[in-house]
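Each chain, letter by letter, is given below.
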Amino acid sequence: MDKLDKIFLITDAEQRQKELCDCARSFNISIGKVKNEKGELNENKLAVLIYEARENQIKRKKQTIMLITLGLVVLAAGLVSIYVISKVLAGLARS
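Read on for a plain summary of the structure.

### Things to note about the nonpolar core
Where a protein is soluble and globular, its nonpolar side chains tend to be buried together. Formed by 14 residues in total, the largest nonpolar core has its most connected members in L20, A24, I29, I31, L41, L46 and I50. Sequence-distant contacts of I29, that is, excluding residues within four places in its chain, are made with A24, L46, L49, I50 and A53.

### Regarding helix 2 (residues 13-26)
Under the 1.5 Å per step criterion, the end-to-end length of helix 2 is 20 Å for 14 residues, consistent within 8% with the ideal 20 Å. Within two residues after helix 2, N28 carries a phi angle of roughly 55 degrees, on the positive side.

### Topic: the state of the cysteines
Counted by the stated rule, this structure contains 0 disulfides. C23 supplies the cysteine sulfur nearest to C21, a cysteine that is in no disulfide, at a spacing of 10 Å. Of the residues examined, C21 reaches a relative accessible area of 13% and is grouped as buried.

About the thresholds
- Residues numbered from 1 in each chain as written.
- Predicted model: local features only at pLDDT ≥ 70, side-chain atom pairs only at ≥ 80, totals over all residues.
- Heavy atoms only, no water.
- Core = buried A, V, L, I, M, F, W, Y, C linked by side-chain atoms within 4.5 Å.
- Buried < 20%, exposed > 50% of the residue type's maximum accessible area, 1.4 Å probe, protein only.
- Contact = heavy atoms within 4.5 Å.
- Helix = DSSP H or I, 4+ residues; strand = E, 2+ residues; numbered from the N terminus.
- Expected span 1.5 Å × (residues − 1).
- Disulfide = S-S within 2.5 Å.

Structure below.
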């Protein structure tokens, strides 16, 4: 059960809206986007924005990990190729 599920289990509307607003602020989501004409908070739209922000955060973390992994692989391949080239050149210098 994630944080949004726990928030929607709260029966008190004011407490639920407060928790949703706190969660939205943690993702830097503007609450003004989800208010209706009366100025009331649309909880469903806010929950969707929070869910999308959380998914984007997870996606960015995965991309960062993949980028770091790719960088390390390229670095290792470069070091191995430099080692092989140096051995080949050293062998040519002896002969």
